[in-house]
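Take a look at the letters that make up each chain.
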Amino acid sequence: MTDRRPRNELLAGTMDLLILQTLTLGALHGYAIARHIERRSQDTLRVEQGSLYPALERLQAKGWVTSAWAKSPTGRRARYYTITASGRKRLGQKISAFDQLALAVSRVLGRA
Amino acid sequence: MSLLDAIRHRLRPLLRAREFDRETDEEFRHHLELGAQEFPEGGPRFGSRAYYKEERRRMTTLGWLDVLGQDLRYAWRSLRRTPGFTTVAVLSLAIGIGANSAIFSLIYSILLRPLPVSHPERLVLVQHSGPDLPNDEFSYNEYRSLGASAGLTSLTALGGTGHVPIVAGPVHDAVGVDGVDGNFFPTLGLAAQVGRLIDPEDERTRAPVAVISDGLWAESFHRAPAAVGSPITLRGAVFTVIGVAPKSFQGLAYDGGFAVAIPLGTQALVGGTPVETGGADSAALQLVGRLADGVTLAGAGTRLDATYRSCCAPAAPDAGGVQVTGIAHGIPSWKFDVQALFGRLLLELLGAAGVVLLAACANLGTLLLARASARERELAVRLSLGASRGRLAGQLLVESGLLAGLGAAAGLLLAHWALRLIAHQLPGPVEDRAGLAVTGEVLLFTAAVALLSVILFGAVPLWRATRTGLVGPLNEGGRAATARGAGWLDRSIVVAQIALALVLLNGAGLFVATLRNLRSVSGGFSPERHVSIELDSRGTSYESGGLAALSDRLLARAGRIPGVRSAALSEAVPIFGGRGLNPVVSVEGYTPRQDENMQCWFDPVTPGFFSTVGIALRQGRDFTDGDRGAAPVAIVNEAFVRQYLSGRNPLGATIRTAGGRDTSILQIVGVVGDARFTDLQVPAAPMAYLPLAQFQRIVSGRPLAVVTLTVRTAGDDRALSAALRNAVFDEAPAVQAYGPESIEASIDASLSRQTLTAELAALFGAVALILAAIGLYGVVSYRVARRTREIGVRMALGAAAPAVVWLVFRQALVLVSLGVLVGVPLAFGIGRMIAAELYGLGRNPFFLLGAGVLLLGVAVVASALPARRAARVDPLIALRAE
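No experiment lies behind these values; they were computed from the predicted model shown. (Residues numbered from 1 in each chain as written. Chains lettered and ligands numbered in written order. Predicted model: local features only at pLDDT ≥ 70, side-chain atom pairs only at ≥ 80, totals over all residues.)

J.: What's the story with the overall build of chain A in this structure? I'm lost.
T.: Per the secondary structure count, chain A includes four helices and three strands. Counting from the amino terminus, chain A carries its helices and strands in the arrangement α-β-α-α-β-β-α. When the 112 residues of chain A are sorted by exposure, 29% land in the buried category. A sequence separation of at least 24 residues applies to 44% of the contacts in chain A between residues at least 6 apart. (Helix = DSSP H or I, 4+ residues; strand = E, 2+ residues; numbered from the N terminus. Buried ≥ 20, exposed ≤ 12 C-beta atoms within 10 Å, placed from the backbone. Contact = placed C-beta atoms within 7 Å.)

This is the structure in structure tokens:
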């Protein structure tokens, strides 16, 4: 069997971080999560379905996110994702880890 | 979210696949719709839905489990696409696996299954140690003294009676009754299924109570709980049923036979030995103990031996000490040692079953090889599309596993069916014991065999798959890629298969011929229409005086039974067995060679014995009543005359015996034909008969303790059996009677092993032949298919149909000839190994020859269809396929 994890650990970890952060706003469906990330990054970050939904599954499997079907404002049925308590805890850890990483990268680049 | 939720989340795509897929689709569509609304001009964010779904599936499940499910479904579909292949493959495997399961089931129930008591491996039987035959009979006093010995947590005694008439509900029959000590059932760790079992209090009060077997409960009381408290009559004495033994408990004897247990102290009421009448010979108790924790068999034996020597040995200075032996599988019966009789045979049969499995696996190998070649293109395409080799190999393995699973399931059915057939060939006690259910152990064994077969035949396509090149099969348009390369593999498999079939067929021929020879052996007596009943007076009031006093009355009474033509008493009866005497003799006028063993076997008989049993009188006269008080006389067999009196007139010659109290001189008054007493396969040794009436006086000096009454009947043996038993009970109420049994049935039992061998060997031979035919057909037709183009070219160039047909046949004949060449030395080797099991065959190449011819015939049959196909190849079509 092939290795199914994205080769770039940073990428996967960052996607998780972004999704968890986004979900602190409240329950959102997949498209809203993607759009939120894209808008907040001023369209610098593109979120493909092919990486968004597997990431959401991964987060659910780890118990950091749960989901439920509900009616969306457009009247359609949609799956809404919610961050769990353990997800929030994890988010804190991930943010501090990212800060360290960002700081380290900046230092290497000579900007801090 | 709890752990449980997490697991449920992961399992959802597996358990509710359809719903999962639908929701995934819906979510995906929703995403796209929202995207389309926001960016009507379209955007770069449309991904592959299939990839997404697959990716999501993998993310969420216990990866391998899901992949396995997929592979199983894929394998199932691909097997269903080729029903012919699947049927042949599953049938081949079912035969191979079924044969192994059936034989293992026999081995398990006959050799391996432990007694159904708690911790049977800790149960031991106490035996006298010494050079004599294993003797496990002890007196009550010895039992009491040994009970105090260390090393055992408990020791219990088991007495018993011969066949005793029983009246229980509607049942009027004769059964063996076990007298058991109060701690017998507690020692075994058994509990009653209804009521209670005999306990020490019953033993102390000598209450007339009885524990009955499950079988008797069903027969007499139709399993009604009200059986407890009901009376049963044993030899006229009334006992109250207090409980029913567990269903699985068939007694401690290896061959079962448990019917009724009563307190040891009451066994005298039903004709058993009174337990407290001292004397080493008088009470025949078997002592069964349970090893204490941490005590080994040898350790317990040493301690018990010390106790025995201090308490009991002085009474019998030559008796030696005691030892213990494990009886986890039951106490072996001295008369019919099933384990010795069948043990080796069953292992040999397991070997043959293994060979059959190999042949079946070889078949699967060739079939899968052909299949793998046909799928070479498919595999190459999938490889080039990015499937990993590991993934493909996994899929092929799953397919093999699925085949093995189906084969094992069908094999179990076959085994179940075969066991029912086989069970009838087994002698009674074994048939009873075998029970022959497909137990958990058998299931486990079958699973192991199936796994082994997957490893054996599954390796072939795997090996091929890993060698499949990417470019070759695609470039060549999928033709002729393996015409040379791996072609040797399937052919060598078929050659091996033919060789195996040859070996098994040869073996089958040898065993069947052996059985036929044995059946036609004249034992020197007429086996039909005899019934024998054995009378044992040891431990009874007859013991001191012997049975001689009884013999006239018994014979007269038996002779009056309607349907009895003649009756006689003897110590031993042909095939039925018996003891007899073995004194050292000297024959007048014969000088023994140095160190020649001059022991001669004597059977004491009454007048009329020879005509009753059907032994021919060749010279002189039979014994008469007049011999009773007269001078000692003897009748010898022809082997005796050949050995000791060659060239002389035997009548009037004398035999001097050194046995007994003093030397006796017997005058030979007659010569009879040779009769085989123990084994039909063993020629008769020199032996002599003497009048039963002279027995104690002349040769032995001991009273006649055990005698067999044999009657020759005019018609139905069964009705007569009951009358005969009643006659014995009336005339000799204190004597233990065993039987009646018919001599014909004894012969059947004595041939049961050979019958079983011959039938199973024939079965295996047929199976191997079928498997070889299938394998040959598979290879030949596969090669014809591969060579269609070549055949087309040949025909286009002017080859006639017969030449093409010969091309195909030649191939098959070459393969079979090679197989026979390989098989012949193998068959010779195996023939040498089983020589001891054969009878009257010598070095007989006939079966090998026959098997070879048969296989050549199979070659013709198996290649007929492919040959027809080859002859019908249309050169135009074959070449256009380019």
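From this point on, the discussion continues.
J.: Whenever I open this one, the overall build of chain B confuses me. Can you help?
T.: Helix and strand counts for chain B come out as 28 helices and 24 strands. For chain B, the residues scored as buried account for 44% of the 882 residues in total. Long-range pairs, those at least 24 residues apart, make up 83% of the contacts in chain B between residues at least 6 apart in sequence.

J.: Can you help me understand helix H27 (residues 846-871) of chain B in this one?
T.: Because each turn of an α-helix spans 3.6 residues, side chains separated by three or four positions in sequence point in the same direction. Residues and elements named next belong to chain B. With 26 residues, H27 should cover 38 Å at 1.5 Å per step; its first-to-last C-alpha distance of 36 Å lies within 8% of that length. The largest bend in H27 amounts to roughly 40° and is located at Ala864, with the proline Pro866 lying one to four residues further along. Of the positions making up H27, those classed as buried are Phe847, Leu848, Ala851, Gly852, Leu855, Val858, Ala859, Ala862, Ser863, Pro866, Ala867 and Ala870. (Expected span 1.5 Å × (residues − 1). Bend = angle between axes of the 7 residues up to and from the residue.)

J.: Would you take a moment to explain the packing of helix H24 (residues 752-786) of chain B against H27 of chain B for this structure?
T.: Residue and element names in this part refer to chain B. Interaxial distance between H24 and H27 falls to 9 Å at its minimum, and their mutual angle equals 30°. For the element pair H24 / H27, the angle class is roughly parallel. Viewed along their axes, H24 and H27 form a crossing whose handedness is right-handed. On H27, the residues touching Leu769, Ala772, Ala773, Leu776, Tyr777, Val780, Ser781 and Val784 of H24 are Leu854, Leu855, Val858, Ala859, Val861, Ala862, Ser863, Leu865, Pro866, Arg869 and Ala870. The residue makeup of the contact of H24 with H27, split by class, is 16 nonpolar, two polar and one charged. (Axes fitted to C-alpha atoms, helices over the stretch in contact; angles between N-to-C directions. Parallel < 35°, antiparallel > 145°, perpendicular 65-115°, else oblique. Left-handed = near helix turned anticlockwise from the far one by under 90°. Nonpolar A, V, L, I, M, F, W, Y, C, P; charged D, E, K, R; others polar.)

J.: Even after reading the chapter, I still don't get the environment of Ala409 of chain B, so can you show me in this structure?
T.: Locating Ala409 of chain B in the fold gives a position in helix H13 (residues 389-423). Sequence separation between Ala409 of chain B and Thr446 of chain B is 37 residues, and the spatial gap between their C-alpha atoms is 9.0 Å.

J.: Whenever I open this one, the confidence of the model for chain B confuses me. Can you help?
T.: Caution applies to low-pLDDT parts of the model: their predicted coordinates are not meant to be read in detail. Residue and element names in this part refer to chain B. For chain B, the average pLDDT comes to 79, and 82% of its residues sit at 70 or higher. Averaged pLDDT values over the elements of chain B bottom out at 52 in helix H16 (residues 471-475) and peak at 93 in strand E6 (residues 209-212). The ipTM value of the predicted complex is 0.76, and its pTM value is 0.63. (pLDDT = per-residue confidence, 0-100.)

J.: Where do I start with the sheet that holds strand E2 (residues 65-71) of chain A in this structure?
T.: Strand pairing in a sheet relies on backbone hydrogen bonds, with the paired strands running either antiparallel or parallel. Residue and element names in this part refer to chain A. Across the sheet, which stays open at both edges, the three strands sit in the order E1-E3-E2 with antiparallel pairing between neighbours. A strand with exactly one partner marks an edge of an open sheet, and here the two such strands are strand E1 (28-29) and E2. Pairing of E1 with strand E3 (residues 77-83) involves two bridges; the strand directions are antiparallel. Bridge assignment links His29 to a residue of E3, and that residue is Tyr80. Across the face of the sheet, helix H3 (residues 49-62) comes into contact with E2 and E3 while running at roughly 115° to E2. (Pairing = 2+ DSSP bridges.)

J.: Can you walk me through the pairing of strand E22 (residues 687-691) of chain B in this structure?
T.: The side chains of a regular strand alternate, first on one face of the sheet and then on the other. Residue and element names in this part refer to chain B. Burial of E22 is extensive: five of the five residues sit out of reach of the surface. Alternating residues of E22 divide into Met687, Tyr689 and Pro691 and Ala688 and Leu690, and every residue in both groups is buried. In this sheet, E22 lies alongside strand E17 (residues 601-605) in parallel orientation, the contact comprising five bridges. Paired with Pro604 across the bridge in E22 is Leu690. Relative to E22, strand E19 (residues 633-637) is paired through two bridges, and the arrangement is antiparallel. By the bridge assignment for E22, Val636 is matched with Ala688.

J.: What exactly am I supposed to notice about the environment of Asp552 of chain B here?
T.: Considering the arrangement of structural elements, one finds Asp552 of chain B in helix H18 (residues 548-560). Distance from Asp552 of chain B to Thr606 of chain B, taken between C-alpha atoms, is 9.6 Å for residues 54 residues apart in sequence.

J.: Before we go on, may I ask you to explain the packing of H24 of chain B against helix H26 (residues 801-833) of chain B in this structure?
T.: Relative orientation and spacing of two packed helices are given, respectively, by the angle between their axes and the distance between those axes. All names here are of chain B. In the contact formed by H24 and H26, the axes pass within 10 Å of each other and the chain directions differ by 140°. Seen along the crossing, H24 lies across H26 with a hand that is right-handed. Judged by residue contacts, Leu776, Val780, Arg783 and Val784 of H24 engage Val808, Gln811, Ala812 and Leu815 from H26. Of the residues that constitute the contact of H24 with H26, the class distribution is six nonpolar, one polar and one charged.

J.: Can you walk me through unusual backbone geometry in this structure?
T.: For residues besides glycine, phi is generally negative; the peptide bonds are generally trans as well. Residue and element names in this part refer to chain B. The backbone of His119 shows a phi angle near 45°, a positive value even though the residue is not glycine. A tally of 13 C-beta atoms within 10 Å means that His119 is categorised as partly exposed. Even without being glycine, Asp595 reaches a positive phi, approximately 65°. Along the chain, Asp595 turns up in the loop between strand E16 (585-587) and E17.

J.: I tried to follow helix H23 (residues 743-750) of chain B on my own but got confused; where do I start?
T.: Residues and elements named next belong to chain B. When we look at burial in H23, the residues that qualify are Ile743, Ile747 and Ser750. Each buried residue of H23 lies within a common arc of 65° when the element is viewed along its axis, so the set occupies one face. In the core, the buried residues of H23 are packed alongside strand E12 (530-536), strand E14 (572-573) and strand E24 (736-742). (Arc of directions from axis to C-beta.)

J.: Teacher, can you tell me more about the pairing of strand E23 (residues 706-713) of chain B here?
T.: Residue and element names in this part refer to chain B. Most of E23 sits out of view: seven of its eight residues are buried. Here E12 runs beside E23; their pairing, made up of seven bridges, is antiparallel. Each residue of the ladder has a partner; that of His530, found in E23, is Arg712. Relative to E23, strand E13 (residues 564-570) runs antiparallel, the two sharing six bridges. Across the sheet, the residue bridging to Val564 is Thr713, located in E23.

J.: What's the story with the nonpolar core in this structure? I'm lost.
T.: For soluble globular proteins, nonpolar side chains are generally found buried alongside one another. Residues and elements named next belong to chain B. Val356, Ala768 and Leu776 are the most contacted members of the largest nonpolar core, which totals 171 residues. The element contributing the most residues to this core is H24, with 19 residues. Counting residues in each nonpolar core, the second largest holds 64 residues, with Ala157, Ala210, Ile232 and Phe239 among its members. (Core = buried A, V, L, I, M, F, W, Y, C linked by C-beta atoms within 7 Å.)

J.: Sorry, what's going on with the environment of Val117 of chain B here?
T.: All names here are of chain B. When you line up the elements, Val117 lands in the loop between helix H5 (83-112) and strand E1 (123-128). Exposure remark for Val117: the 19 C-beta atoms within 10 Å place this residue in the partly exposed category. Between the alpha carbons of Val117 and Ser248 there is a distance of 8.9 Å; along the sequence they are 131 residues apart. Apart from residues no more than four positions distant in its own chain, Val117 is found in contact with Leu123, Leu188, Gly189 and Leu190.

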